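Next come the chains, spelled out residue by residue.
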Amino acid sequence: MAPPNDPVVPLLSVLTAKSLEKCFHLSDGKLSVRGVPLLSEVPSNVSFTNFSSICKSSDASPALFQRVQAVSYRGGFLGFEVEERSDRIVNSLGKFNGRNFISIFRFKTWWSTQWVGTSGSDLQMETQWIVLEVPEVGSYAIIVPIIEGSFRSALHPGNEGHVLICAESGSTHVTSSSFKAIAYVHVSENPYNLMKEAYSAIRVHLNTFKLLEEKSAPPLIDKFGWCTWDAFYLTVDPIGVWYGVNEFAKGGLSLRFLIIDDGWQSINLDSDDPHQDTKNMILGGEQMTARMHRLDEGQKFRNYKGGSILGPDSPSYNPMRPKLLIAKAVEVEQAVKQRKAAAESGVTDLSDFDARIQKLKQELDELVGEGQDAVAAQSCRSCSCSGDSYGMKAFTKDLRTQFKGLDDIYVWHALCGAWGGVKPGATHLKSTITPCRLSPGLKGTMDDLAVDKIIEGRIGLVDPEQAGELYDSMHSYLASTGITGVKVDVIHTLEYVSEEHGGRVQLAKSYYDGMSESLKKNLNGTNLISSMQQCNDFFFLGTKQISMGRVGDDFWFQDPNGDPNGVFWLQGVHMIHCSYNSLWMGQIIHPDWDMFQSDHVCAKFHAGSRAICGGPVYVSDSLGGHDFDLLKKLVYPDGTIPKCLHYALPTRDCLFKNPLFDQKTILKIWNFNKYGGVVGAFNCQGAGWDKKERRIKGYKECYRAMEGSVHVSDIEWDQREEGIEMGCAEEYAVYLNQADSVLFTTLKSEPIHIVIQPSSFEIFSFVPVMKLARTVRFAAIGLTNMFNSGGTIQESKYKDCGADTSATMKIKGGGTFLAYSSEPPKKCFVNGAEVGYEWVNQSKLMVSIPWIEEAGGVSEVFIQY
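Residues numbered from 1 in each chain as written. Predicted model: local features only at pLDDT ≥ 70, side-chain atom pairs only at ≥ 80, totals over all residues. Heavy atoms only, no water.

Trainee: Could you give an account of the sheet that holds strand β30 (residues 667-673), with specific residues and numbers?
Mentor: Across the sheet, which stays open at both edges, the 6 strands sit in the order β29-β30-β31-β38-β35-β36 with antiparallel pairing between neighbours. This sheet does not close on itself; its edge strands, each paired only once, are β29 (649-650) and β36 (741-745). Bridge analysis of β30 against strand β31 (residues 676-682) gives 7 bridges, and the strand direction is antiparallel. Bridge pairing in β31 places I669 opposite G680. (Pairing = 2+ DSSP bridges. Helix = DSSP H or I, 4+ residues; strand = E, 2+ residues; numbered from the N terminus.)

What follows is the structure in structure tokens.
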């Protein structure tokens, strides 16, 4: 990790690439790369400038700056000029047709996903970047709209193949007519190097964010956790949380982190008593017009009495209560919608609708009241509790007293405090109710309840000069109560309210800089998960300190629009979001693939992807809704996970394909373990973006079995130093986790043919075969009862000394250890004791390994030949 504050590096102090031929040229209306026209009909007001002509210095480390300069001949900046100044300018960069591209675009304000095509007109609105294939010279070229001054940019589709760039400030008071570096272009022979080199160059140029390699990751990155959202929605309370954590302990898994999601804060609606929390909020959406009226926990957490859950008289709790409340609240919501539909259709007598709504609300109030006994039993019965004996501090202390492995407790908050911001006059902060103004570029995005609600309620925006104080006030208090981290959500609301604050770039800087300082001061510098943030404003301005973030939309257990098949196809959509977004987000933050529910019909499908995603594993199970057999294929008993070394990325042959509804492509993602590589093959076909309807929908005809192939070269071995040698092995043992079979392959072998059923997967572990003595060939595969078998191998050593030929492995976990062995061993030992073994089909060597808690679950396996 680089020092946090490297001095500015002058251009002349490092080696440059001046002697190397520049790759891009703009002349005669053509932008060419290595002599191949990339864009034609480039307007005369568009300019191209070499990287080194603009980037004269940087606050990056010398090593990073030199690395960027060494390949600077491969990139440069696009700009343009117009006659009239404006706060929003759209200009063509030129056109292309008949060239494959992959892109990322925003399908909601907060979320982005993959899109492919062959023409500039195939682009979607709010495209964040585009990579084009240039097979004529065996290369790939990227165009990244970036930030210049107070303007940010995005790509839009134009007519007849044109690529449009939209530069906007977000404020009619902030205008311009000239840009020198509003987009960055780069070329490379390797698409993964392309992303790394391009975003490294942008980082060195902008100096407003840091790459992932420059930051530390949160400690939870290789651990197992639970998020309360799908279990409780807004009904979350201390007793329910305690029962949930205890269920995992009883199931044999130690939670290492907990995320108390939305529902814990002090919020109310403008129509409520300004000093009291709004009562009986249950479903997501109800809170989206509410504002924070205090900066500490809400009353149901504030009233918690320390020790009340630890003694013999701990309050009882009905684990079905959250589900009953949610189900009844849904009934009320549907009844209100039915009344609205009847009124809009011309029905004048609505008395029956009103009576039904009133009856359902009364039933809901009764259900809520039934649950107050447990709360009252552990409450101090005061709205002004203080001290260590009450509130969040007492609760976190009790959790850690009971559950020793619980390292981290995070809580949720919105970027502006709550969904509706901070209530004016309620705190020491200056807050103003600010109307929301959406950029025209968002007209191409999906209809979104959250956006509608935020526009309806407006945002209680804290003065940007006090943004740092907002976060410090919240985070310092939370840290004092034992909270170790935060999940920050609803991040991209700032672009809605930037009109009177210098535009979206300046407003974002104020808020993101304040949050970064608070993160350093209060939350270990790393303990923040960013969410609803998938736009270039955030990544280019908000990630100096933040090192982890969501790379997919929310986990949806069913289609909110009512398609019954959505329970299946939405899960493949989620994987596409995560894998393709990681191509760019992974340069800047560690990808977080979000939670899932272990008892969902597609839980195994999700679990397979989380096993090799390279990030934390966490679920949002309801109380009593756990599949512990499945979870134990992902998680060790101590709550750690066999994490891959890298973050998962789509294989090269998937980059310019559509694995959602082209009816032919299987999503394949690759990653590394310490002693091998891994490829996951997932059948995600069955849904995707409909640009006419502006929504993601199901395509029934695509939801079927798919054929494809996997090859050892699908793993990009050169992307990690330890992978280079493994990528040159003469032979590989290939373990198919779901089929429980071992194959053999070489770099020259034909691909392995596969058939994957819908919403199903296979994980292929590729392990180099070692030659021991003259006749023994050996490859340690790992524990077969874990999805990521190879991740269970901690160490591996070999002796090749004739009569003293052996293999020694340190394996974490309990279960069946599998290795390929061309000959039966003389003896096998586990932790120094000789044990029996199985040798099947003259290849599969299997040894049973126990989980030994005192050894941290690590056993030494010694195999003697």
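Trainee: Please set out the packing of aromatic side chains residue by residue, giving values where relevant.
Mentor: Evaluation of the coordinates by the stated rule reveals 45 aromatic pairs. Between the aromatic rings of Y140 and F656, the centroid separation amounts to 6.0 Å while the plane-to-plane angle is 10°, which identifies the pairing as stacked. Placement of Y140 in strand β12 (residues 139-145) and of F656 in the loop between β29 and β30 is noted, with a sequence separation of 516 residues between them. Taken as a pair, Y140 and F656 share a single burial class, namely buried. Centroid distance F209 to F540: 5.5 Å. Interplanar angle 40°. Geometry classified as tilted. Residue F209 is found in the loop between α3 (191-206) and β17 (224-227), and its partner F540 is found in helix α14 (residues 536-541); the two are separated by 331 residues along the sequence. Owing to a relative accessible area of 1%, F540 belongs among the buried residues under this scheme. Within the aromatic cluster, the residues linked to one another by ring pairs are Y199, F209, Y512, F538, F539, F540 and W584. (Phe/Tyr/Trp six-rings, centres within 6.5 Å; stacked < 30°, edge-to-face > 60°. Buried < 20%, exposed > 50% of the residue type's maximum accessible area, 1.4 Å probe, protein only.)

Trainee: Explain the layout of surface pockets to me, using residue names and the numbers behind them.
Mentor: Computed from the structure, the second largest pocket encloses a volume of approximately 730 Å³. Along its surface, the second largest pocket is lined by 28 residues, and K196, E213, Q587, H646 and Y647 are the ones closest to its centre. The set of elements that each furnish at least two residues to the lining of the second largest pocket consists of α2 (62-70) and α3. Split into classes, the residues belonging to the lining of the second largest pocket amount to 12 nonpolar, 8 polar and 8 charged. (1 Å grid on protein atoms, 1.4 Å probe; cavity = no way out; pocket = protein on both sides within 12 Å on 5 of 7 lines; lining within 4 Å. Points joined across faces, edges and corners; volume = space filled by probe spheres on them. Nonpolar A, V, L, I, M, F, W, Y, C, P; charged D, E, K, R; others polar.)

Trainee: Run through the sheet that holds strand β2 (residues 24-27), naming residues and quoting values.
Mentor: What the 3 strands build is an open sheet, ordered β2-β3-β4; its pairing is antiparallel. Looking at the sheet topology across the chains shown, the edges are occupied by β2 and β4 (36-39). Averaged over all neighbouring strand pairs, the angle between strand axes comes to 35°, with direction disregarded. Where strand β3 (residues 30-33) meets β4, 3 bridges bridge the pair, whose relative direction is antiparallel. Note on β4: the bridge partner recorded for S32 is P37. (Axes fitted to C-alpha atoms, helices over the stretch in contact; angles between N-to-C directions.)

Trainee: Pulling in residues and values, what's your account of empty space enclosed by the protein?
Mentor: Applying the stated criterion across every chain yields a total of 6 cavities of 30 Å³ or more. In this model, the largest cavity occupies a volume close to 80 Å³. Around the largest cavity, the lining residues are T113, Q114, W115, V573, I576, H577, N658, L660, F661, G688, W689 and I696. Where the lining of the largest cavity is concerned, the elements lending two or more residues are β10 (112-119), α15 (566-585) and β32 (687-690). Reported here for the second largest cavity is a volume of approximately 70 Å³. I102, W129, V131, P191, Y192, L194, M195, L583, L655 and F656 together form the lining of the second largest cavity. Here the lining of the second largest cavity takes 4 residues from α3, the largest share from any one element. Its residues placed into classes, the lining of the second largest cavity shows 10 nonpolar, no polar and no charged.

Trainee: An account of the pattern of salt bridges is requested, with residue identities and associated values reported.
Mentor: Tallying each qualifying case throughout the model produces 45 salt bridges. Among the ionic pairs, E331 bridges to K328, the shortest N-O distance being 3.1 Å. Of this pair, E331 and K328 both sit in helix α7 (residues 321-344), 3 residues apart, roughly one helical turn. Salt-bridge contacts for E730 lead to K771; the nearest nitrogen and oxygen are separated by 3.1 Å. In this pair, E730 is assigned in the loop between α18 (721-726) and β35 (732-736) and K771 in strand β39 (residues 770-772), connecting sequence segments 41 residues apart. Residues joined in a network through salt bridges with shared partners are R88, R106, E126, R152, E168, E495, R504 and D537. (Salt bridge = Lys/Arg side-chain N within 4 Å of Asp/Glu carboxyl O.)

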